[in-house]
Amino acid sequence: MIQLNYFEILLRDEFDLSDRDARRMDRAVHDIAHSVGMEKREVFDFIKFGCESDMKKLNENYDWKDFHRSIVLRLKKQF
């Protein structure tokens, strides 16, 4: 059984992910935060409140690279 940390549990519960996908989402959020100079919680809030279409697309095609790229591009436009 996978032991999730607090942030992974938060991601799993908010986005209705499996444990494995919660781990992948945590890595994606970490990489996105590092790429755009934000904190993980800020990226989480952005995804939660502004990226419904990206989450839907991720659920349909399971393309994590595309998800990462899309979020980074959207966040960089705001700076």
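See above for the structure.
Residues numbered from 1 in each chain as written. Predicted model: local features only at pLDDT ≥ 70, side-chain atom pairs only at ≥ 80, totals over all residues. Heavy atoms only, no water.

1. Considering the side chain of Asp-26
Rules: Strands here are runs of E lasting at least two residues and helices are runs of H or I lasting at least four, both read from the DSSP assignment and numbered beginning at the N terminus. Three exposure classes are used, based on accessible area relative to the maximum for each residue type with a 1.4 Å probe and protein chains only: buried under 20%, partly exposed in between, and exposed over 50%. Contacts were defined at the residue level, with two residues in contact if any of their heavy atoms lie within 4.5 Å.
Residue placement: Asp-26 occurs in helix 2 (residues 19-36). The exposure class assigned to Asp-26 is buried, which follows from its relative accessible area of 10%. Once you skip the residues sitting within four places of it in the chain, Asp-26 turns out to touch Asn-5, Phe-7, Glu-8, Leu-11 and Lys-40.

2. Focus on the pattern of salt bridges
Stated formally: Here, a salt bridge means any side-chain nitrogen of Lys or Arg that lies within 4 Å of a carboxyl oxygen of Asp or Glu.
Evaluated as defined, the whole model comprises 9 salt bridges. Two residues, Glu-14 and Lys-48, come together in a salt bridge whose shortest N-O distance is 3.7 Å. With Glu-14 in helix 1 (residues 6-15) and Lys-48 in helix 3 (residues 40-50), the pair connects residues that are 34 residues apart, well separated along the chain. Given a relative accessible area of 36%, Glu-14 falls into the partly exposed group.

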